[in-house]
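# Residue-level structural notes
Now for the letters of each chain:
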Amino acid sequence: MTEINADTWTWNRLSRGEPTFWLNTGRPIPHETPPSIGLRDVEDARARWERFAPLLKALFPDQIPDGIIESPLLAVPKLAARFLPDEHRVASSRVFVKADHALPVAGSVKARGGIYEVLCLAERVALAEKVIRDYQDDYAKLASSAAREKFARYRLLVASTGNLGFAVGTMGRALGFETTVHMSSDAKTWKKDRLRKLGAIVVEHSADYTSAVAAARAEAEAADNAHFVDDEQSLELFLGYSVAGLRVADQLRKLNIEVSAQRPLCVYLPCGVGGAPGGVLFGLRAVFGDNVWGFFAEPTASACMLMRLMSHLPPEASVYDIGLDNRTEADGLAVGRASELVVAAVGEHVKGAFTVADDEMFRWVARAHREEGLRLEPSAAAGFPGALQHVWSLATTDAARKQIEGATHVVWTTGGSMVPEEQYQAMLQRGLGLTRLD
């Protein structure tokens, strides 16, 4: 039997599908060799985003008139004051939402990685096909009919539970790539319909995300001029997400918010396969180092990253191996096996992780709407229990209490603004029904 090497009580809660909080005590996590990347690579990725700003402005003038895909850092004082423990409400002014649920163009955090990888491919093709001369050329040329004719010779493939597929499909089709999205069984119908309206080919699977990934990868390997956006292993996706760390650092500076050992930055990140939260955490740590405390949030039924971080199970292990069924309404997080790239790159630097039941995510959808007017899907609300409840249990000494109360707490919301009204109202009403005793 493979060694678990984790606290038995915590592990038993995890494997029974009960809400679980785990704090990383610094025990080494077996993993593959970490990628040789650092701050320079994150800065290079930001430079690529800036090169593409004229193109993005040309393609999406109403959504991003400056060509920059970014979200605000929002104070949420009413929500924090309402739900922080009574003795810690002094910290309510230091709780923020990083509003990636409202990111333009694709409406979720996946715009950071998915769109970035499509842009990387477009840049390589445009240089090879002489559409642009070099990095100093005008990238708005990539919106021309001549460029679209070149891009149409190439295929993009991706597997998704929903949001990554929509981000890749939106950008791929905007440039003219033939785009195929393999959607797992838990993907929402409205996301599939929206992709088809963009002109993407949608392949529906009756199995889970891991099976959809395998099918998309196999199709790409068998095709000519095909590029597979690999959510499990792509360094380009990872670096696209990482630029958020530099952007948040800029936003904190504008707010005169200090990040230090005495005033750490606590970030609560919903986690599926791990690419988005892992990339964001990597980018933040590239700027602030150990003064960033990253916490990953997962559904109780789909705790693939927490399972991997707290055990010595091999990379190929899945949540099914410990008795979980991977069935959750948080479709963006319905993943059975964690990304080994993410485990290798940031696993040892994750401060902690926790799981959230579906009903609890719906409660936070309703609370965030009621108190702050936020429009979230369930997966985007997974971070709130960590920021407003769990992290305060770490304050067991006066020194720890001062550190956590002096911290800046950022809940990363990952999707929701593009949910159709009918579906959003159904989610909201479910959450409101569960919050009547608040």
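Positions within a chain are numbered from 1, following the residues in the order the chain's sequence is written. In keeping with the model being predicted, local features are shown solely for residues with a pLDDT of at least 70 and side-chain atom pairs are shown and tallied solely at 80 or more, while totals for entire chains, interfaces and linings include all residues. Excluding hydrogens and water, the side-chain figures rest on all heavy atoms present in the structure.

## Notes on empty space enclosed by the protein
The probe, sized like a water molecule, is rolled over the atoms to show the empty space still left. Here is the rule we go by: Space inside and on the surface of the protein is sampled on a 1 Å grid over the protein atoms alone, with a cavity defined as a set of points where a 1.4 Å probe fits but cannot get out and a pocket as an open set with protein on both sides within 12 Å along at least 5 of 7 lines; lining residues have an atom within 4 Å of a point. Grid points are joined across faces, edges and corners, and a volume is the space filled by probe spheres set on the points. For the purposes of this entry, the term helix denotes a DSSP run of H or I that reaches at least four residues, the term strand denotes a run of E that reaches at least two, and both are numbered from the N terminus. Polar here means any residue other than Ala, Val, Leu, Ile, Met, Phe, Trp, Tyr, Cys and Pro, which are nonpolar, and Asp, Glu, Lys and Arg, which are charged; Gly is therefore polar.
Under the criterion given, the structure shown has five cavities of 30 Å³ or more. Val-109, Lys-110, Pro-270, Leu-333 and Thr-414 are the residues nearest the centre of the largest cavity, which is lined by 15 residues in total. Only strand S8 (265–270) and helix H10 (275–288) provide two or more residues apiece to the lining of the largest cavity. Here the lining of the largest cavity gets three residues from one element, more than from any other, and that element is H10. Here the residues of the lining of the largest cavity are counted per class, giving nine nonpolar, five polar and one charged.

## Comments concerning the pairing of strand S3 (residues 95–99)
We apply this condition: To sort residues, take the accessible area from a 1.4 Å probe on protein chains only and compare it with the maximum for the residue type: under 20% means buried, over 50% means exposed, and anything in between is partly exposed. We treat two strands as partners when DSSP finds at least two bridges between them.
Counted residue by residue, S3 has five buried out of five residues, so it is predominantly covered. The alternating pattern of S3 places Val-95, Val-97 and Ala-99 and Phe-96 and Lys-98 on opposite faces, both of which are buried. Note that S3 and strand S11 (residues 408–413) share five bridges and pair parallel. Residue Val-97 lies in a different strand from S11, and its bridge partner there is Val-411.

## Digging into the packing of helix H2 (residues 39–59) against helix H4 (residues 110–128)
What describes two packed helices is the angle between their axes and the distance between those same axes. Inclusion rule: Orientation is described by lines fitted to C-alpha atoms, with helices fitted over the stretch in contact, and by angles between N-to-C directions that extend from 0 to 180 degrees. Should an angle fall under 35 degrees it is called roughly parallel, over 145 degrees roughly antiparallel, and 65 to 115 degrees roughly perpendicular, with every other angle called oblique. By the convention used here, residues are in contact when the closest approach between their heavy atoms is within 4.5 Å.
Contact geometry of H2 with H4 gives a least axis separation of 11 Å together with a crossing angle of 80°. When the axis of H2 is compared with that of H4, the two are roughly perpendicular. Contacts from Ala-45, Arg-48, Trp-49, Arg-51, Phe-52, Leu-55 and Leu-56 of H2 reach H4 at Ala-111, Arg-112, Ile-115, Tyr-116, Leu-119, Cys-120 and Glu-123.

## Section: the confidence of the model for the protein chain
We count it as follows: pLDDT is a residue-level measure of predictor confidence that goes from 0 to 100.
On average, the protein chain scores 94 in pLDDT, and the residues at 70 or more come to 98%. Here residues 1–5 is a poorly scored stretch, pLDDT under 50, and it has 13 contacts once near neighbours within four places are set aside; other chains count.

## Here's the deal with the UniProt feature "domain: Tryptophan synthase beta chain-like PALP" (unreviewed entry) in the protein chain
The condition is simple: UniProt positions are given in the numbering used here, feature names are shortened, and annotations may be inferred rather than shown by experiment.
UniProt annotation of "domain: Tryptophan synthase beta chain-like PALP" (unreviewed entry) refers to residues 66–388 when read in the numbering used here. Here residues 66–388 is 42% helix and 15% strand, with 35 Å between the C-alpha atoms at its ends.

## Re the side chain of Asp-137
Let me state the cut-off plainly: Residues adjacent in sequence count toward polar contacts only when both atoms are side-chain atoms; beyond that, a polar contact is any pair of N or O atoms within 3.5 Å, and within protein one must be able to donate a hydrogen and the other to accept it.
Structurally, Asp-137 is set in the loop between H4 and helix H5 (145–151). Asp-137 gets classed as buried once you look at its relative accessible area, which sits at 9%. Separated by 3.0 Å, the side chains of Asp-137 and Lys-141 make a polar contact.

## A short note on the UniProt feature "modified residue: N6-(pyridoxal phosphate)lysine" (unreviewed entry) in the protein chain
As annotated by UniProt and renumbered to match this structure, "modified residue: N6-(pyridoxal phosphate)lysine" (unreviewed entry) occupies Lys-110. We classify Lys-110 as buried; its relative accessible area is 13%.

## Thoughts on the sheet that holds strand S6 (residues 201–204)
Pairing within the open sheet is parallel, and its four strands lie in the order S6-S5-S4-S7. Of all strands in the sheet, those bounded by a partner on one side alone are S6 and strand S7 (226–229). Averaged over all pairs of adjacent strands, the angle between strand axes in this sheet comes to 20°, irrespective of strand direction. The sheet contact formed by strand S4 (residues 155–160) and strand S5 (residues 178–183) spans six bridges and is parallel. Bridge pairing in S5 places Arg-155 opposite Glu-178. On top of the sheet, helix H8 (residues 209–221) reaches S4, S5 and S7; it is set at about 165° to S4, its chief contact.

## Quick word on the pattern of salt bridges
As a reminder, the rule being used: Between Lys or Arg on one side and Asp or Glu on the other, a salt bridge is scored when a side-chain nitrogen of the former is within 4 Å of a carboxyl oxygen of the latter.
The tally for this structure, following the rule as stated, stands at 38 salt bridges. For Arg-89, the salt bridge is made with Asp-86, and the minimal N-O distance between the two is 2.9 Å. The exposure class assigned to Arg-89 is partly exposed, which follows from its relative accessible area of 34%. Classification of Asp-86 as exposed rests on a relative accessible area of 58%. The shortest N-O distance in the salt bridge between Arg-375 and Glu-421 comes to 3.0 Å. With Arg-375 in the loop between helix H13 (358–372) and helix H14 (384–388) and Glu-421 in helix H16 (residues 421–434), the pair connects residues that are 46 residues apart, well separated along the chain. Since its relative accessible area comes to 23%, Arg-375 is described here as partly exposed.

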